[in-house]
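# Reading the structure
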Amino acid sequence: MNLYLPILVLAALAAGFAVFSVVAATLVGPSRYNRSKLEAYECGIEPTDQPVSGPHAPAGQRFPVKYYLTAMLFIVFDIEIVFLYPWAVAYDGLGVFALVEMALFVVVVFVAYAYVWRRGGLSWD
């Protein structure tokens, strides 16, 4: 049990900090609401009553799904780098098995990239 004590203390500190942060924000934060605070906030675009042209959504509406799809694709393909950096650092000690596994991983990511490209997921229009 002594081995798990530091983990339990850290978990208790994290939970305590989370509860403290929520309670403090509720007590200290502003409680005056107006029309603009109750509007949906997306990417810093001020809410207006006039429709906006371009890639922006009309006033009071949500952004097109294409915006979120592009963000999700960025995250998915960015995760590849998270796996490649540690592999590159420890490459000398991993051997041929790790090389084959990483090659398979890169092939899978490139197949997904080609699929998204072919389907037009990377074009904004």
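Residues numbered from 1 in each chain as written. Predicted model: local features only at pLDDT ≥ 70, side-chain atom pairs only at ≥ 80, totals over all residues. Heavy atoms only, no water.

## Topic: the overall build of the protein chain
What the protein chain contains, in helices and strands, is 5 helices and 0 strands. Along the chain direction, N to C, the helices and strands of the protein chain fall in the order α-α-α-α-α. Counting across all 125 residues of the protein chain, residues that qualify as buried make up 9%. Partitioning the intrachain contacts of the protein chain with sequence separation of at least 6 by distance along the chain shows that 37% fall at a separation of at least 24. A total accessible area of about 10900 Å² is found for the protein chain, and carbon and sulfur atoms account for 71% of it. (Helix = DSSP H or I, 4+ residues; strand = E, 2+ residues; numbered from the N terminus. Buried < 20%, exposed > 50% of the residue type's maximum accessible area, 1.4 Å probe, protein only. Contact = heavy atoms within 4.5 Å. Areas by Shrake-Rupley, 256 points an atom, 1.4 Å probe, with all protein chains shown as cover.)

## Section: the UniProt feature "transmembrane region" (unreviewed entry) in the protein chain
Following the UniProt record, the feature "transmembrane region" (unreviewed entry) maps to residues 6–28, 67–88 and 94–116 here. End C-alpha to end C-alpha, residues 67–88 measures 32 Å, and it is 100% helix and 0% strand. As a span, residues 94–116 carries 96% helix and 0% strand, and end to end its C-alpha atoms are 32 Å apart. (UniProt positions renumbered as here; feature names shortened; annotations may be inferred.)

## Points about the packing of aromatic side chains
Geometry of an aromatic ring pair is reported as the spacing of the ring centres plus the angle between the planes. Across all of its chains, the model carries 4 aromatic pairs by this definition. Look at phenylalanine 83 and phenylalanine 105: their rings are 5.5 Å apart centre to centre, the planes differ by 80°, and that puts the pair in the edge-to-face class. A residue pair is termed long-range when its members are at least 10 positions apart, and phenylalanine 83 in helix α3 (residues 65–89) and phenylalanine 105 in helix α5 (residues 96–118) qualify at 22 residues. Geometrically, the ring pair formed by tyrosine 113 and tryptophan 117 is tilted, given 5.8 Å between the ring centres and 50° between the ring planes. With tyrosine 113 and tryptophan 117 both in helix α5, this residue pair falls 4 residues apart, about one helical turn. (Phe/Tyr/Trp six-rings, centres within 6.5 Å; stacked < 30°, edge-to-face > 60°.)

## Some words on helix α1 (residues 5–28)
With 24 residues, α1 extends 34 Å from end C-alpha to end C-alpha; this agrees with the ideal 34 Å at 1.5 Å per step. In terms of residue burial, α1 counts as a barely covered element, since only 0 of its 24 residues are buried. (Expected span 1.5 Å × (residues − 1).)

## Looking at the packing of α3 against α5
When two helices pack together, their arrangement is given by the angle between their axes and by how far apart the axes lie. Close contact between α3 and α5 brings their axes to 11 Å; oriented N to C, the two are set at 165°. By the angle between their axes, α3 is roughly antiparallel relative to α5. Viewed along their axes, α3 and α5 form a crossing whose handedness is left-handed. Of the residues in α5, those touching α3 at Leu73, Phe77, Glu80, Phe83, Leu84 and Trp87 are Ala98, Leu99, Met102, Phe105, Val106, Val109, Ala112, Tyr113 and Val116. Along the lines of polarity and charge, the residues of the contact of α3 with α5 split into 14 nonpolar, no polar and 1 charged. (Axes fitted to C-alpha atoms, helices over the stretch in contact; angles between N-to-C directions. Parallel < 35°, antiparallel > 145°, perpendicular 65-115°, else oblique. Left-handed = near helix turned anticlockwise from the far one by under 90°. Nonpolar A, V, L, I, M, F, W, Y, C, P; charged D, E, K, R; others polar.)

## Observations concerning a nonpolar patch on the surface
Taken together, Met1, Leu3, Tyr4, Ile7 and Leu8 make up a surface patch of nonpolar side chains, about 650 Å² in accessible area. Tracing the backbone through its elements, the reader meets isoleucine 7 in helix α1. With relative accessibility at 54%, the residue isoleucine 7 sits in the exposed group. (Patch = residues over 30% accessible without salt bridge, like charges linked within 9 Å, V, L, I, M, F, W, Y side chains within 5 Å. Salt bridge = Lys/Arg side-chain N within 4 Å of Asp/Glu carboxyl O.)

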